[in-house]
Amino acid sequence: MTEIEHWIAGKSVSASVADLPVFNPANGEQQAKAACADASTVDSAAIAARQAFGKWATTSPKRRADILFKFRELMLTNRGELARIITAEHGKTLSDAEGEIMRGIDVIDFCTGIAHLLKGQYSQSVTQGINTYDIRAPLGVVAGITPFNFPAMVPLWMSAPAIACGNTFVLKPSEKDPSASLLVARLFKEAGLPDGVFNVVHGDKRTVDALLVHPDIAAISFVGSTPVARSIYRVGCDAGKRVQALGGAKNHMIIMPDADIKQAAGALMGAAFGSAGERCMAISVAVPVGEDTAVALTEELVPHIKALRIGPGDSQDVDMGPLITAEHRDKVASYIDAGEAEGAKVLVDGRKFDSNSSGFFLGGTLLDQVTNKMSVYTDEIFGPVLPIVRASNAADALELVNSHEYGNGAAIFTRDGMAAKRFAEQVLAGMVGINVPIPVPVATHSFGGWKGSLFGSAAIYGPEGVRFYTRLKTITERWPGSENIDPQFTFPVLHK
Ligand code: NAD
């Protein structure tokens with residue numbers, strides 16, 4: 001059976017305290033075992049990163065950009081192979097896997113020009129003969145802990161900006177689909193990245209716990225579920241680290257009575273069922289405003305959901321692949337059971353889907369008459385299940401979104417500019433879509449939710465990523481000869 005090893009100081013390293021099973025979700029078979037790093041393996045990775053830091057931090061931004069340009073080219077050339085690796089371990093369709101790679105490459109694009117954002121500011125003659133300037137310095141060794149649902153894109157959200165800013169990086173990818181990170185590591189090396197600048201340790205909570213307290217690690221970026229994000233933020237901050245921890249989501253889409261229902265339903269199909277709903281920006285609640293809107297929307301959605309083509313992600317003409325594991329598929333199905341028992345109407349029942357295989361499949365599901373007390377509404381399900389909560393007016397719909405624990409994304413579909421503007425201004429969510437169901441910001445902006453969807457003050461990638469991965473140093477200088485310097489024993493003041 002294939003063994004998935006760590007990547008430390010530019011080479012494969014086998015050291016493991018446990019074998020972590022990696023499945024092919026399309027047939028249910030274990031296809032590999034990933035190593036699990038303990039504290040001593042984490043230490044080796046952190047030391048490799050620390051040793052590489054001094055030279056990398058003083059490498060010119062131009063030289064760093066040259067390597068990132070080459071890396072970008074290699075990612076493009078190898079995207080087919082990377083997509084196959086992602087599909088084999090995650091289950092998503094090949095086109096969806098390529099989509100996430102392209103979004104990751106967008107972040108690399110941004111990072112090739114990061115020198116522009118590392119420039120400091122300069123003030124001449126702040127007082128007689130004194131100038132002040134500031135620089136943004138890298139932090140040192142930084143670590144990234146990533147979820148299963150975007151095994152290439154999310155590691156690139158972190159590693160590309162961190163490395164472009166002059167830091168060195170230790171990645172702990174999801175143990176469920178760890179192989180994509182190793183191809184990325186090889187491509188970084190082929191692009192000319194010095195050994196030790198990008199390292200990968202595989203593992204689970206044991207590995208994360210060691211990263212969180214390692215004295216050489218200055219900052220932690222985490223993306224995953226909210227309970228883990230909350231705990232990582234607390235433990236990482238207690239250990240004196242800078243932490244950004246992005247958590248789970250329940251993204252609402254409001255459909256106003258004046259919306260184009262066909263367009264809204266089409267958008268919902270991709271946003272709720274794409275990647276089998278395993279996206280942190282998936283629409284996981286539809287909120288039609290008014291009874292007529294609700295009826296029109298369900299009539300439009302039901303046949304589309306019944307017609308979803310479900311199968312192995314590497315097959316042609318498949319809309320939706322399997323879920324990540326058997327346990328996760330069963331958990332998602334148990335939410336449908338709970339919703340039904342609590343009074344939701346099951347308009348399309350994914351539990352009835354028969355794949356004729358041992359893969360972790362579940363069909364698309366539509367639940368109507370859902371209330372804000374039901375677990376299918378309160379919890380993040382992370383599967384192909386769309387609950388509909390009917391609202392009688394726009395104010396109630398907004399109140400529903402704003403009362404939810406999560407605040408990652410939210411969308412409104414309407415033809416009314418004022419309604420859209422009010423929604424965008426008043427909704428408590430970090431990313432807002434107006435007739436756009438999945439408003440993931442492009443790489444020149446930054447990604448981050450509000451409330452239980454983000455712990456810490458910095459969103460990820462884009463300008464916020466640069467701020468997170470650098471620290472400000474302000475230098476005040478005076479050179480002999482500019483004026484007589486007499487000793488002063490009072491607090492220095494600016495002379496007029
Ligand atoms: P997860 O929280 O189970 O795991 C994420 C990472 O944390 C993995 O590397 C895992 O090994 C590690 N981990 C798991 N349990 C841990 C523990 N108790 N202590 C320390 N580390 C632990 O998340 P997942 O199931 O891999 O991914 C799905 C979740 O990620 C969803 O909640 C989804 O919304 C969220 N997500 C959020 C974003 C975002 O940008 N906000 C993006 C993608 C995914």
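This report concerns the structure included in the present document. (Residues numbered from 1 in each chain as written. Predicted model: local features only at pLDDT ≥ 70, side-chain atom pairs only at ≥ 80, totals over all residues. Heavy atoms only, no water.)

1. Looking at the site of the ligand
Which entries qualify depends on this criterion: Any residue with at least one heavy atom within 4 Å of a molecule or strand is counted as near it. Two N or O atoms form a polar contact when they lie within 3.5 Å of each other; inside protein one atom must be a possible hydrogen donor and the other a possible acceptor, and for residues adjacent in sequence the pair counts only when both atoms belong to side chains. Numbered from the N terminus, helices here are DSSP runs of H or I no shorter than four residues, and strands are runs of E no shorter than two.
Looking at the ligand, there are 26 residues lining it, with Lys172, Glu175, Ser225, Gly247 and Glu380 nearest. A distance of 2.6 Å separates an oxygen atom of the ligand from a polar atom in the side chain of Ser225. A distance of 2.5 Å separates an oxygen atom of the ligand from a polar atom in the side chain of Glu380. The set of elements that each furnish at least two residues to the shell around the ligand consists of α8 (205-213) and β11 (217-223).

2. Digging into the sheet that holds strand β1 (residues 2-4)
Definition in use: Following DSSP output, two strands are said to pair if at least two bridges run between them. Working convention: axes come from line fits to C-alpha atoms, limited for helices to the stretch in contact. Angles between N-to-C directions cover 0 to 180 degrees.
What the three strands build is an open sheet, ordered β1-β5-β4; its pairing is mixed. Where the open sheet ends on each side, the last strands, each with one partner, are β1 and β4 (20-24). Strand-to-strand twist in this sheet, taken as the mean axis angle between neighbours without regard to direction, amounts to 40°. Alignment of β4 against strand β5 (residues 29-34), held across five bridges, turns out to be antiparallel. Along β5, the bridge assignment pairs Pro21 with Lys33.

3. Some remarks on the nonpolar core
Put simply, the test is: Among buried residues, the Ala, Val, Leu, Ile, Met, Phe, Trp, Tyr and Cys ones that are joined through side-chain atoms within 4.5 Å form a nonpolar core. Each residue is assigned to one of three classes by its accessible area relative to the maximum for its type, calculated with a 1.4 Å probe on protein chains only: buried under 20%, partly exposed between the two thresholds, exposed over 50%. Contacts are residue-level and defined by heavy atoms, with any inter-residue pair within 4.5 Å sufficient.
Core analysis: the largest hydrophobic core is formed by 70 residues, its most contacted members being Phe71, Met75, Leu82, Phe169, Phe198 and Phe447. For this core, the element with the most residues is helix α6 (residues 153-164), which contributes nine residues. Ignoring anything within four residues of it in the chain, the contact list for Phe447 reads Trp157, Leu246, Cys280, Met281, Asn408, Met431, Val440, Pro441, Ala459, Ile460 and Tyr461. Core analysis: the second largest hydrophobic core is formed by 61 residues, Ala267, Ala276, Leu308 and Ala420 among them.

4. What to know about the packing of helix α2 (residues 61-77) against helix α7 (residues 179-190)
For the record, the criterion: Should an angle lie under 35 degrees it is considered roughly parallel, over 145 roughly antiparallel, and from 65 to 115 roughly perpendicular; all remaining angles are considered oblique. Crossing chirality is assigned from the near helix's rotation relative to the far helix, an anticlockwise turn below a right angle marking it left-handed and a clockwise turn marking it right-handed. Polar here means any residue outside two lists: the nonpolar Ala, Val, Leu, Ile, Met, Phe, Trp, Tyr, Cys and Pro, and the charged Asp, Glu, Lys and Arg; Gly therefore counts as polar.
As a packed pair, α2 and α7 sit with axes 8 Å apart at the nearest point and diverge in direction by 135°. The orientation of α2 with respect to α7, classified from their angle, is oblique. As α2 runs across α7, the sense of the crossing is right-handed. Between α2, through Leu68, Phe71, Leu74 and Met75, and α7, the contact on the second element is made entirely by Val184, Leu187, Phe188 and Glu190. Within the contact of α2 with α7, the residues separate by chemical class into seven nonpolar, no polar and one charged.

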